[in-house]
Amino acid sequence: MNKVILMGRLTADPEVRSTTSGLRVATYTLAVDRRAAKSDQKADFIRCQGWDKKADFAEKYLHKGTKLVITGRIQTGSYTDRDGKKVYTTDVVIEDQEFAESKKPQDGRIETTADDGFVPVPDDLGEDLPFN
């Protein structure tokens, strides 16, 4: 089985182009943090490709810094560059892409805590919570 699940941030705006046969493809690089101590934080930079509707989605909604969760498959390939040297490639072909965080509100009323992505519960809600 060839299945990949990644969560990370786009390093730049997606590059969207059309092939000679008319198919659209979006290419972007996802910076994915490695599990490590905070002081030794490292990331992998993984090239991803989205075809057809996924390319349209990327062009319309994705930009540098967007945090995404993607699922897909690894695809390897090769080509010969202008100098005649063989170049090997490894890409993730996207099957699904979803936002990993909500869009920041214009009024700035909702703030998330440090790195956990959770919204703090206001102290004045009292007995209105459904799980009290």
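Higher on the page you've got the structure.
Given the structure is predicted, the values throughout are model-derived calculations rather than measurements. (Residues numbered from 1 in each chain as written. Predicted model: local features only at pLDDT ≥ 70, side-chain atom pairs only at ≥ 80, totals over all residues. Heavy atoms only, no water.)

A look at the side chain of threonine 66
At step 1: Within the secondary structure, threonine 66 sits in the loop between α1 (53-61) and β5 (67-80).
At step 2: A distance of 2.8 Å separates a polar atom in the side chain of threonine 66 from the backbone oxygen of histidine 63.
At step 3: In contact with threonine 66, other than residues within four places in its own chain, are Gly8, Arg9, Leu10 and Phe99. (Helix = DSSP H or I, 4+ residues; strand = E, 2+ residues; numbered from the N terminus. Polar contact = N/O pair within 3.5 Å; in protein donor to acceptor, adjacent residues only side chain to side chain. Contact = heavy atoms within 4.5 Å.)

Quick word on the environment of lysine 60
At step 1: Structurally, lysine 60 can be placed in helix α1.
At step 2: Between the C-alpha atoms of lysine 60 and proline 14, which are 46 residues apart in sequence, the distance is 9.7 Å.

Focus on the packing of aromatic side chains
At step 1: Following the criterion strictly, the structure yields two aromatic pairs and no others.
At step 2: When the centroid spacing of 5.1 Å and the interplanar angle of 45 degrees are considered together, the rings of phenylalanine 57 and tyrosine 61 count as tilted. Here tyrosine 61 and phenylalanine 57 lie together in helix α1, a separation of four residues that amounts to about one turn.
At step 3: Judged by relative accessible area, tyrosine 61 falls into the partly exposed class, the value being 42%.
At step 4: A ring pair is formed by phenylalanine 57 and phenylalanine 99, whose centres lie 5.7 Å apart and whose planes are at 50 degrees; its orientation type is tilted. Of this pair, phenylalanine 57 sits in helix α1 while phenylalanine 99 sits in strand β6 (residues 86-99), and the two are 42 residues apart along the sequence. (Phe/Tyr/Trp six-rings, centres within 6.5 Å; stacked < 30°, edge-to-face > 60°. Buried < 20%, exposed > 50% of the residue type's maximum accessible area, 1.4 Å probe, protein only.)

Re the pattern of salt bridges
At step 1: Within this structure, the stated rule accounts for six salt bridges.
At step 2: Between aspartate 56 and arginine 24 there is a salt bridge, and its shortest N-O distance comes to 2.8 Å. Remark: arginine 24 occurs in strand β3 (residues 24-33) and aspartate 56 occurs in helix α1; sequence separation between them is 32 residues.
At step 3: Classification of aspartate 56 as partly exposed rests on a relative accessible area of 36%.
At step 4: What emerges from the salt-bridge pattern is a single network uniting Arg24, Asp56 and Glu59. (Salt bridge = Lys/Arg side-chain N within 4 Å of Asp/Glu carboxyl O.)

Examining the environment of threonine 29
At step 1: Structurally, threonine 29 is set in strand β3.
At step 2: In sequence terms threonine 29 and glycine 8 are 21 residues apart; their C-alpha atoms lie 9.3 Å from each other.
At step 3: Apart from the residues within four sequence positions on either side, threonine 29 is in contact with Arg9, Leu10, Thr11, Phe45, Ile46 and Arg47.

By themselves, these figures tell us nothing about what the structure is for.
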